[in-house]
Amino acid sequence: MGQLVGVLTGMRAQPLILGYHRVVEHFDTHADLTIRPMLISRAMLEKHLDWIGGRYRFASLDELGRRLEEGASAEGLAAVTFDDGYSDVYENAFPLLQRKGIPAAVFVVTDIVGSRVAPFHDRLYLLVAGALKRWRANPEAAEKLFSELGLAHLNGAVTRNDDPLSVMGVLLDRLSQEQAFTVAEALCGEVELSGDELRAMRPLTWEMLREMQRSDITIGSHTRSHPLLTNETGRKLDDELKASRAALERELNTPIRHFAYPDGRWSTLVVDSVKSAGYRFAYTTCSHRDPRHPLLTIPRLVLWERSCADSAGRFSASVMSCHADGLFRLVARCKTNHRRRPLSRAA
Ligand SMILES: [Zn+2]
Ligand SMILES: [Zn+2]
């Protein structure tokens, strides 16, 4: 069945590229405070890697890229990638990868490398989660805040919703990064963030990146500050793509060829900017391709603690197998309109 499905969905001809975010020691310790679909425990990651390693050969993104460029088959090859550049990847995933001899890649948000600042989406999530608790008792406070910010059109979508992840999704989807910053700033006045959790989300340092780079880890760009590029326009787009690549090349002293779209969001316009910024390979999170630039729209399978687990939370080989064969992609809905125009400045 697995093989037949794989053939039907065309996944067998493609390399299997896995995407992860944070790697923590215990999932439950962090699950209530952070974006769950970005977490995997070290033990669960090891189960994923062992399962994949039994069926595929792990390759570096450079090797995969070379084969794809030459039009050679990448069938049976797998690659492991981590987005956003959390220091817990160095602490929890890197030793595991080294022990097993598995090459991997890390896509970093260059402006926050070496800082103590958690990525913006993590801070926004914590702020929204805290604000929603308060707004439940006082929904008028939310309406007042958004009206004062000139974002009254978001009132309904925010006040009707009880789930921090989907409210954050609405904000990021419908606002430019600059507007989202303004919302976060206003929420800061209402909510106090957990210092412990923010510390747990601190980014990698340049020293960590250099050490990983010396040990089979490819470093790629994930922009300067992680905006959803489909919402941004010309100069901002260019700066996020070019300056992040330049910073990585300067600090790591190597050509940077790989890029991952924040939240997997791409449009044909964004792909054009990625190309002109000099990247050779770019990675998405859905199975659509830009036929003009297939190597700048390489699909990845994004996984987390629960994506290959049974109802008790234990690793399930059969669910993993369905993911690897692309079975779920047949039904998975892509959340991006790839022909989307950027938000207008006045929106
Ligand atoms: Zn990201
Ligand atoms: Zn898509």
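Residues numbered from 1 in each chain as written. Chains lettered and ligands numbered in written order. Predicted model: local features only at pLDDT ≥ 70, side-chain atom pairs only at ≥ 80, totals over all residues. Heavy atoms only, no water.

This brings us to the state of the cysteines. Inspection of every chain in the model, using the stated rule, returns 0 disulfides. Free of any disulfide, C322 has its nearest neighbouring cysteine sulfur in C308, separated by 9.4 Å. (Disulfide = S-S within 2.5 Å.)

Turning our attention to the packing of aromatic side chains. Applying the stated criterion across every chain, the model contains 8 aromatic pairs. On the basis of an interplanar angle of 85° and a centroid distance of 5.3 Å, the ring pair of F259 and Y261 is categorised as edge-to-face. Like Y261, F259 is buried. Here the aromatic cluster, defined as three or more aromatic residues joined through ring pairs, consists of F259, Y261 and Y279. (Phe/Tyr/Trp six-rings, centres within 6.5 Å; stacked < 30°, edge-to-face > 60°. Buried < 20%, exposed > 50% of the residue type's maximum accessible area, 1.4 Å probe, protein only.)

With that out of the way, let us pick up the packing of helix α12 (residues 206-213) against helix α13 (residues 234-252). One way to put it is that α12 packs onto α13 with a least axis distance of 10 Å and a crossing angle of 70°. Judged by the inter-axis angle, α12 sits roughly perpendicular to α13. Between α12, through W206, L209, R210 and Q213, and α13, the contact on the second element is made entirely by A247, L248, E251 and L252. For the contact of α12 with α13, the class distribution of residues is 5 nonpolar, 1 polar and 2 charged. (Axes fitted to C-alpha atoms, helices over the stretch in contact; angles between N-to-C directions. Helix = DSSP H or I, 4+ residues; strand = E, 2+ residues; numbered from the N terminus. Parallel < 35°, antiparallel > 145°, perpendicular 65-115°, else oblique. Contact = heavy atoms within 4.5 Å. Nonpolar A, V, L, I, M, F, W, Y, C, P; charged D, E, K, R; others polar.)

A few words on helix α3 (residues 42-55). For α3, which comprises 14 residues, the first-to-last C-alpha distance of 20 Å matches the rise-based estimate of 20 Å (1.5 Å per residue) to within 8%. Every buried residue of α3 is accounted for by M44, L45, H48, L49, W51 and I52. An end-on view of α3 places all buried positions within 160° of arc, on one side of the element. (Expected span 1.5 Å × (residues − 1). Arc of directions from axis to C-beta.)

One pass over the structure, following the stated rule, counts 2 cavities of 30 Å³ or more. Considered as a void within the structure, the largest cavity measures approximately 100 Å³ in volume. As for the largest cavity, its lining consists of F120, H121, L172, L175, S176, Q177, A180, H226, P227, L228, N231 and E232. For the lining of the largest cavity, the per-class residue count stands at 6 nonpolar, 5 polar and 1 charged. (1 Å grid on protein atoms, 1.4 Å probe; cavity = no way out; pocket = protein on both sides within 12 Å on 5 of 7 lines; lining within 4 Å. Points joined across faces, edges and corners; volume = space filled by probe spheres on them.)

The next point concerns the side chain of H293. Structurally, H293 can be placed in the loop between β9 (281-283) and β10 (301-302). Residues contacting H293, with those up to four places away along its chain left out, are V271, D272 and K275.

At their nearest, the axes of α13 and helix α14 (residues 268-276) sit 9 Å apart, and the two run at 40° to each other. The angle between α13 and α14 places the two elements in the oblique class. In the crossing of α13 with α14, the sense of the turn from one axis to the other is right-handed. Touching L237, D238, L241 and K242 of α13 are V270, S273, V274 and S276, all from α14. Looking at side-chain class alone, the contact of α13 with α14 contains 4 nonpolar, 2 polar and 2 charged residues. (Left-handed = near helix turned anticlockwise from the far one by under 90°.)

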